[in-house]
Amino acid sequence: METTNGAGHPLPYDTYREAIERETLRFAGIAGGVDPETAVPSCPDWTLADLTRHVGALQRWFSALLTRLVQEPPRSRDLELGLPEGAQEYPDWVAAGVPAVAAVLRDTDPLAAMWAWGEDQHARFWARRMLFETLVHRVDAERAVGRDSDIDPVLAADGVDEFLVNLPHAGLFAPAVTKLHGSGETIAFQCSDHPGGTGEEWRVRLDPEGFRLLPRTDTGTDPDAATSEAQSVVRGPAADLLLLLYGRRAYQDDAFEVSGDTAVLDVWFAHTAF
């Protein structure tokens, strides 16, 4: 499997296939039997019904793109969803879609060339994206109903990588990203609980023309970043870093060790709402 940054990302395709099924069924189980009008604090103005409809619709949409192996941006997102009339039935509708999604993922060559809005122009992009959309929204649902959340650290670290790799391409639906720039400041996001025990780090640099994720060498050190200290460093468990990047946590939380110029972090988070 090709990687994006020299640190084992993306994960093997089967990992995404299996995790999507688990996370989807877990999400449906959380949403089932709960008042669909329950507010979802991490998704302002959304109810649990809105969130559940979003997860089910997105999975069906991604599956349609994979089935067609689209080669250019779709002109329409019209799709027959088979949405139930009653919002209380949405969780079962999400769960009922799992076999079809699993079949599409199983029958798709992950290295098949296809259009994607992000960096990786292969079918595997959509499986990876589907997983983290579902996983983060599972956490949203858990928070809405007052449950604790847990995220596998290997998946979480890959989610951090997936977010940062694709963020420069997200301006179409996150326009503030296109205005994120600086004067060469570097931000380091450090994972404190990597399974190998050595940690994992991603560095982004804010340049006058925009920002970019700094690539790594085989030793994990970026040649551009190696000669200078990061202006801001955020260190924490992979799961917390993932939720931080998605705006579900704040860098001021106790989960993180923060050093350097926090003004640079304020600029970053003001422009990266996803």
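Up top is the structure these notes are about.
Note that the structure is a prediction, hence the values are computed from the model and not measured.

Read from one edge of the open sheet, five strands run β3-β2-β1-β4-β5, paired in mixed fashion. For this open sheet the edge positions go to β3 (210-213) and β5 (257-260), each flanked by a neighbour on one side alone. Geometrically, the sheet is characterised by an average inter-axis angle of 15 degrees between neighbouring strands, direction not taken into account. Two elements, strand β1 (residues 185-191) and strand β4 (residues 232-236), share five bridges in a ladder whose sense is parallel. For Ile 187, the partnering residue across the bridge sits in β4 and is Ser 232. Strand contacts of helix α6 (residues 153-166): β1, β2 (200-207) and β3, with the helix running at about 15 degrees to β2, the strand carrying the most contacts. Across the face of the sheet, helix α8 (residues 262-271) comes into contact with β1, β2, β3, β4 and β5 while running at roughly 85 degrees to β1.

Tracing the backbone shows Ala 64 in helix α2 (residues 48-68). Judged by its relative accessible area of 15%, Ala 64 is buried. C-alpha of Ala 64 to C-alpha of Arg 77: the two residues are 13 residues apart in sequence and 9.8 Å apart in space.

We now examine the nonpolar core. Among the nonpolar cores identified, the biggest contains 62 residues, and Trp 126, Ile 151, Leu 164, Phe 189 and Trp 268 are the most heavily contacted of them. If one sorts the elements of this core by residue count, helix α5 (residues 124-144) sits on top with nine residues. Leave out the neighbours within four places in its chain, and Phe 189 touches Leu 164, Glu 200, Glu 201, Trp 202, Val 204, Val 234, Leu 245, Trp 268 and Phe 269. Judged by nonpolar contacts, the second largest core, of 13 residues, contains Ala 28, Trp 93, Val 94 and Ala 144.

What counts, and where the lines are drawn
- Residues numbered from 1 in each chain as written.
- Predicted model: local features only at pLDDT ≥ 70, side-chain atom pairs only at ≥ 80, totals over all residues.
- Heavy atoms only, no water.
- Pairing = 2+ DSSP bridges.
- Helix = DSSP H or I, 4+ residues; strand = E, 2+ residues; numbered from the N terminus.
- Axes fitted to C-alpha atoms, helices over the stretch in contact; angles between N-to-C directions.
- Contact = heavy atoms within 4.5 Å.
- Buried < 20%, exposed > 50% of the residue type's maximum accessible area, 1.4 Å probe, protein only.
- Core = buried A, V, L, I, M, F, W, Y, C linked by side-chain atoms within 4.5 Å.

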